[in-house]
Structure formats: structure tokens, C-alpha cells
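# Overview (structure and organization)
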Amino acid sequence: MIDLSSVPNIPPGFIYILGAVLLPLFGKGKVRQAYLIIIAVLGLISVAVMRAPQTSWVFSNLIFLEVDRLSLLMGYIFAIAGGCAIIYSLATVKDNGHHICALLYLGSAMGAVFAGDFFTLYIFWEIMAFTSLGLIWYEGSRRARDAGMRYILFHLFGGCALLGGIIFHYMSTGSTLIGPVEYGIGYWLLLLGVGVNTAFILLHTWLPDSYPKATIAGTIFLSIFTTKTGVYVLARTFSGAELPFHGQEFLFVAYIGGAMCIYGVIFAILQNDVRKLLSYHIVSQLGYMVAGVGMGAIGLGIMATEAQELAIDGAFAHLFNNLLFKSTLFMCMGAVIYRTGYNNLTDMGGLAKKMPITMITCVIAALSISGIIGFNGYISKGMVIHAAEMEELHLLVLILTLGSVGTLISFIKLTYFAFFSKNDEIKAKEAPVFMLIPMCATALMCIAIGVYPQLLYNILPYVEVTSHYHAFETGHTFSVLQIVLMTVFLFFMIGFFAPHEKITYDVDTLYRKVGRGFISACEGPLVHFAVAMEKQVLRLADYLVKFSQNPRRETRLGIGAGVLFVLLFFALYLIIMLYAGWLSP
Amino acid sequence: MEKKTWKGLLLLVAFIVIVLSAGSLLVGHSETFAGFLYGAGGVALFMLLAKMMTLIQREGKQDD
């Protein structure tokens, strides 16, 4: 029997990246399918055999493998969700390029999670941005191309802010190790850079803009990695971040999470495009994670309280669960779009009988994200809200609770109008088997964790604190049951939230207007400059052509002027030599 | 009984439940039935917000 602990750990990211490099060797048929499944399994095994804690694969100042309970948790869920997304993509993706982008994206996200220093993190952060762009552009339409451009512009801006923050942090501390950041310009630049990937309000618009326009399989990958890596880095750097406010310390990151929760939900409720609805729900669910991270305390050099440890565990439990139910939802809606060709709820309905397995998995995921008892969302949402109660953040408790009501409303809307409302005209059949397998697997995990939460507790960073948390405490369970009953009842009685064909403006409308104004303001002078330059270059080229044909005729300079030019160049040469010290013996 | 009457009766029941929950919270200082209030309050809040958002909506297919 091989002792696995004696085998040196390989960074999981490298497996996916190497897998992407070798992919073209396997053609486009069944061999490629088998190869991709093997890569997914190998990635999962590489995480499963990882020893924690450890620091290895260190080259100069770059640390490629820093493992602790938190990074290991991220590794597990990225390998599971990424593996499911790879299998799902076998049903729809034909191009090798798409698979390569997906594997590189997965690999770079893994690389960012296991990075031990800011520069390694930055390298993988940027690879993530460009490889994920491929998943949007592979859709091929003009909408996707434009959305991809906006996506990459946002991420380049975020990447620049992150790099600036890292440089300032390095200049002030001399350390590149990932950890809490000192207050100053670097602090705000880093927060801005991380905030773009975590989809903070006002920095979130790239997400609902681009995710619905990516390929069907691409959206699954996109929904898994970018934002969750952002939350992970946020926890490493800004956990428990405070600002002075009216003479008191204010947990501003936690309240940013609260704002994201409500903002995402209200925009989700108003959407008609199913993938746009789900994209806004990513923002909302990230709100719970950001709130948990904001209430916690990682690496601050202080003894964390029980509430702070529960908050971090709650945030990462929700991240884990969210990746299960959110990827299930995206997979289900991807299957619906694949079979019907429709994106909007107003065109759907009547699919429950035609796509029964898809319907069942979608309902399970919807119940999970809505925090219904017996499903995984109930466990992790409850942990975050309970941590807020323990820290006596009453406003945050209210916001997060109301956010869960909004989530329930939008998922009753999604499942009812996609599957159960009357539509006799729609034509569809059950999704292909490669779509069904990962959908069923993630849906089953939602139930397993919901019924037996110890499965999740055991891999959380603060297992001792969380093992004392009673998810099924009578008062909490009863309260959630009441919320669900009242919300479901009012949803169907009032009938207010039916889908409609209207466009809802988000703040990106403003950005686009300002952007267009800026471009048109710059356009005049720039075009003028470009025309003048072109004219001069053409004149020079024309002169050189004529000069080469007959140098004597085209030389208009006198002999004296020519000598003067030669002397001037010689003087300039001497000055440079003198300045550079090349003349000294 | 007509569908509308049923709907009206059910809404009346919901209203009574909300009033009793609010009474229990405000008079009895008991949070046992506060979940009903959160549910009703949440639905009301999102209806209000959705109504407000119609100010920044325009007709047409959802696209760019």
C-alpha cells in the first residue's frame, strides 16, 4: 500500500494547466471526453491528498503552494464544482479552445487559492481574467463580444488596482505574504482590486452583463471561480476590517455584504432572462459571504471570539454550499436554454413534464438557495445570521433575513414560470446525460449537507466552534418555517412578481454614458492628431522614396547645413557618453 | 364558492396571522411568531422596491 503522505504534493492548479496544454493531442472524440474526465478526477485527488498545513513550491519570493484549512476547503469545492462543470461541458462544447480556456481558468483559480504571496496571487488573478474572457467570446455573437470587452476592461482596472495595492503594501511592510493590509493608499487600492472580483455594489456590473452572454457551459465555469476567489482573498486581507464612524469602529465590509444582499435580490426579482436573474443572485449570495468575512477575524494577531470564528465558518460554509446550488441552477437553466432555445421566463413554462429530472434538480437547488429546512443553504445562511446576532449587529440581521425572503420570492418565480406555468406550445425533451450527471450530483450534495451538516462542519476552518452550532434549533427552525409559509402564500395570492419584458437599468448605464461622453470628447483632438501624423509620415515616406531614386536632386540642404547637422549629432553623442560615464578611464 | 372569494378569505386569514404576530411581539415581547412578520415585511419591502424600480425601467426585450 502506498503511503500518500510520502508523495510530494503537486499544486492542483498545475494539473489543470498541464491538462489544458496537452488537450490538443487528444483529438475531438471520445478520447478527449475520457481525457477531460481523467483531468477532473486527478484534480480532485490532488486536493484530497494535500497535507495541511504546509508551504512548498517556493521559488525566490513566489510561493505556489500554501495550504491551510481555509485554502484546502476552497480547493475541495473548486475541484468538485469544476469537475462537474467539465463533465457538463462535454455535452455542449465542441471546440478545443473552449475546453482549454476552461481548464486554464480552473487551474489559475486553484493557483490563486493556494498562492502564498501577493505576486503569485496577482499572476493567477490576471490569467483568470483573460481565460474567462475566452468563455464569453466563444459564444460568438456580437453581444458576447461587446460584453466581453466590458468584462475585461473592468478586470484590467481591478487588476491594476490590485497590483498598485500590492506594491504599496510591499513598500510599506517589505512583505509580500498574503495577510491583512496596513491602512493607507495600498489598503484602498487592494480593496478596490478585490472588490471588483467580489462584485461589490458599483463594481458589480460586469457580472450580470457578461455571464448571461457567455456560452452555456462557460456560464457554469464563470459562476464558480472569479467571485469566490475574490471572497477568499477578501477574507485573507480584509476580514474584520473597521472604519471609525461617529466615534465607534464600524465593520464596513460586513455592511457592504448586507447592501449586496438586498441590491442583488431586488434586481434579480426584476429579471426576465433566467441567467441574468441567476447572475444577480450571485451578487446577493456573495453578500452573505462578504458579511460573514466582514464580521470575522483572520490573521489580525488577536484572539478571535466565538462569534468571529462562526462568522468566518458561516461565510465559507455558504461559499461551499453556494457553489453547489448555484452551479446546479446554472446547469439546469443551461439545459433548458439548450433544449428550448429560450432565455426568457416569459417564453418558458410547461417544462416540468418534458424535463422532469432537470425540474427536480432545479427545485432542489432553488429550495437550497432559499434556505429551506433540510437543504444546505439553511445551514450556512443560519450560521452567518447567527454570528451577526452574537455580535449584536441587529441591522445586519434584519437585512440578511429580508434578503432571504427576496431570494425565496425570486426562486419561486424562476421555478414556477420555467417549469409549472401553463405553456402547451413549448417543445423540449430531457437534457443530455452529460448534463444530467453533474446536475444530479450537486443536487444530491445539497440535500446531503442539508440533512447531515457535519459533512461540511468537519472541513471548515474552525471546526470546534461550529460543531457547537445547532442548525436545527427549534426556535430558528420554526421562524424559518413561518417566513417560508408567509412568503409562498403572499407570492401566489398577490401575483405581483410575474415576469415581464422590460429592461431594468443598472448603474452600468451610467458608466456607458460617461464612457461614451469621454470617448467623444477625446475623439476630436485624437482624430486631428492622427490625421496630422499620417500626413507627416506620408510626406516623409514620399521624400525617402524620391531621395532613394535620385539623391542629388532631392537634397536641398547646403553643404554648410549638412556639416552643421553632423557636428550637432557628434556633440549630442559626446554629451551622452560623458553623462553615462563612458568617457571616464 | 367563487375563486375571488376564496382568495379574499385566505388574504384575510394571512392578515389576521400578521396582526396576531405583531401583537405577540409588541405586547407579549415574544419573538415566537416573528417569522410571519419577517415574511410579510419582506414581501412588502420587495413589492415597494420593485414598484420604485419601474421608474428606471423601459419597455422592450431584455438585452443590452
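Residues numbered from 1 in each chain as written. Chains lettered and ligands numbered in written order. Predicted model: local features only at pLDDT ≥ 70, side-chain atom pairs only at ≥ 80, totals over all residues.

### Considering the overall build of chain A
How we decide: In DSSP terms, a helix is any run of H or I states spanning at least four residues, a strand is any run of E spanning at least two, and both are numbered starting from the N terminus. Remark: C-beta atoms are placed from the backbone, and a residue is labelled buried if 20 or more other C-beta atoms sit within 10 Å of its own, exposed if 12 or fewer do, or partly exposed between those counts. Once C-beta atoms have been placed from the backbone, residue pairs whose C-beta atoms lie within 7 Å are recorded as contacts.
Within chain A, the secondary structure is distributed over 23 helices and five strands. In terms of its C-alpha atoms, chain A occupies a principal-axis envelope of roughly 100 × 65 × 60 Å. Counting every position in chain A, which comprises 585 residues, the buried fraction comes to 52%. Sequence separation of at least 24 residues holds for 80% of the intrachain contacts in chain A that already meet a minimum separation of 6.

### Topic: the overall build of chain B
To be explicit about the condition: Only the C-alpha atoms count toward the radius of gyration. The rule for a globule is 2.2 Å times the residue count to the power 0.38.
What chain B contains, in helices and strands, is two helices and one strand. Its C-alpha radius of gyration of 17 Å places chain B more than 25% over the 11 Å reference for a compact globule of 64 residues. Summarising its shape, the C-alpha atoms of chain B cover approximately 50 × 35 × 15 Å along the three principal directions. Looking at chain B residue by residue over its 64 residues, the buried ones come to 17%.

### Observations regarding helix 7 (residues 185-198) of chain A
All names here are of chain A. Cut-off, in case you're wondering: The span you would expect from a helix comes to 1.5 Å times its residue count less one.
Over its 14 residues, helix 7 runs 20 Å from end to end, which matches the ideal 20 Å to within 8%, given 1.5 Å per residue. Of all the 14 residues making up helix 7, 10 are buried; the element is thus mostly covered by neighbouring parts of the structure. Within the span of helix 7, buried status applies to Gly186, Leu189, Leu190, Leu191, Gly193, Val194, Gly195, Val196, Asn197 and Thr198. Along its buried surface, helix 7 packs onto helix 6 (142-173), helix 10 (226-238) and helix 12 (274-295). Just past helix 7, the residue Ala199 takes up positive phi, approximately 60°.

### A closer look at unusual backbone geometry
Residues and elements named next belong to chain A. At the junction of Ala52 and Pro53, the peptide bond is cis and its omega measures out at 0° in the coordinates. When you line up the elements, Pro53 lands in the loop between helix 2 (30-48) and strand 1 (54-59). Positive phi, close to 60°, is recorded for Ala199, a residue that is not glycine. Mapped onto the secondary structure, Ala199 falls in the loop between helix 7 and helix 8 (206-210). Judged by the 27 C-beta atoms lying within 10 Å of it, Ala199 is buried. One non-glycine residue with positive phi stands out, namely Glu392, at about 60°. Checked against the element boundaries, Glu392 lands in the loop between helix 15 (376-390) and helix 16 (394-420).

### Observations concerning the pairing of strand 1 of chain A
Residue and element names in this part refer to chain A. To keep it simple, the criterion reads: A pair of strands counts as paired when DSSP detects no fewer than two bridges linking them.
The pairing of strand 1 with strand 2 (residues 62-67) spans five bridges and is antiparallel. Bridge pairing links Val58 to Ile63 in strand 2. Counted between consecutive antiparallel strands, the loop separating strand 1 from strand 2 contains two residues, among which Ser60 sits at a positive phi close to 55°.

### A short note on the environment of Val465(A)
All names here are of chain A. As for its placement among the helices and strands, Val465 is situated in helix 19 (residues 463-466). Distance from Val465 to Gly292, taken between C-alpha atoms, is 15 Å for residues 173 residues apart in sequence. With near-sequence residues (within four places) excluded, Val465 lies in contact with Glu306, Glu309, Leu310 and Asp313.

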